[in-house]
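Residues per chain are reported as follows:
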Amino acid sequence: MTRLGDYISEFSVKNHLDESIPVYSVTNDRGFCSGYFNKDVASKDKTTYKIVPRGYFAYNPSRINVGSIAWQNSAERVIVSPLYVVFKVSDKLDRQYLLHYLKSDVGMTFIKAHAAGSVRDSLKFSDLKELPIHVVPLEKQRKIARTLDKLDALISQCHQQANSFDTLVKSQFSEQMEVAA
């Protein structure tokens, strides 16, 4: 085991030139996304927003404890709220492997144990760097990440099927009630 801080470093470049870069959020279930909210929640002045290049991670320190962390692979660059923490990852660590690890029971337990605050728990980057991580050879990391991606897809399909069956059962029940009436 080694500490995550040996493989990550904070990246805090702001949109000082007020470039027209898409504004994204990081959610616990969809990762990086734009248009997540039904209205524009971004400030008019985006010069303090942080730039997130492709391949970099970002998280909201007050929402990481529910899994709101992801790596940006949607665009060349996006911007996020100045509240977010942005960091880059060493080439010795596969990004998808790291994401799975951070969202695993082990990662989430560490995050929840080290998040602190008076009103809302928050995780500082310095605390995230202390997360112990087992780093295997890069090719093995990629293989593990691919396997976990496939399992996530299967789990998602099962949830979709269960929801479809639930809807079918409810519609059948409603139909039976209408016939009986």
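Overview of the structure. The model shown is predicted, which means the values in this text are computed figures rather than measured ones.

Before going further, it helps to spend a moment on the sheet that holds strand β7 (residues 69–71). An order of β2-β9-β6-β7 is seen for the 4 strands of this open sheet, with the pairing classed as antiparallel. Each end of this open sheet is capped by a strand with a single partner; those strands are β2 (8–10) and β7. For this sheet, the mean inter-axis angle between neighbouring strands, taken without regard to orientation, is 25°. Two elements, β2 and strand β9 (residues 85–89), share 3 bridges in a ladder whose sense is antiparallel. Each residue of the ladder has a partner; that of S9, found in β9, is K88. This element, helix α1 (residues 95–103), spans β2, β6 (57–59), β7 and β9 of the sheet and lies at about 175° to β7.

This paragraph deals with the pattern of salt bridges. Summed over the entire model, instances satisfying the criterion amount to 8 salt bridges. Here E19 makes a salt bridge to R77, at a shortest N to O gap of 2.7 Å. One end of the pair, E19, is in the loop between β2 and β3 (25–27); the other, R77, is in strand β8 (residues 77–80), with 58 residues separating them in the sequence. Taking the relative accessible area as the measure of exposure, R77 reaches 33% and is therefore partly exposed. One salt bridge in this structure joins R146 and E139, with 3.8 Å as the shortest N-O distance. With a relative accessible area of 49%, E139 lands in the partly exposed category.

This paragraph deals with the packing of aromatic side chains. Throughout the structure, instances matching the rule amount to 5 aromatic pairs. With a centroid separation of 6.5 Å and an interplanar angle of 50°, the aromatic rings of Y24 and F32 are classed as tilted. Under the relative-accessibility criterion, Y24 is labelled buried at 14%. Residue classification places F32 among the buried positions, given a relative accessible area of 9%. Counting every residue linked through ring pairs, the aromatic cluster contains F57, Y59, F87 and F125.

Of all 5 residues in β9, 4 are buried, a share of seventy percent or more. As paired elements, β6 and β9 share 3 bridges and run antiparallel to each other. Its bridge partner lying in β9, F57 is registered against F87.

Here is what the cut-offs are and how they apply
- Residues numbered from 1 in each chain as written.
- Predicted model: local features only at pLDDT ≥ 70, side-chain atom pairs only at ≥ 80, totals over all residues.
- Heavy atoms only, no water.
- Pairing = 2+ DSSP bridges.
- Helix = DSSP H or I, 4+ residues; strand = E, 2+ residues; numbered from the N terminus.
- Axes fitted to C-alpha atoms, helices over the stretch in contact; angles between N-to-C directions.
- Contact = heavy atoms within 4.5 Å.
- Salt bridge = Lys/Arg side-chain N within 4 Å of Asp/Glu carboxyl O.
- Buried < 20%, exposed > 50% of the residue type's maximum accessible area, 1.4 Å probe, protein only.
- Phe/Tyr/Trp six-rings, centres within 6.5 Å; stacked < 30°, edge-to-face > 60°.

These figures come from the coordinates and say nothing about function on their own.
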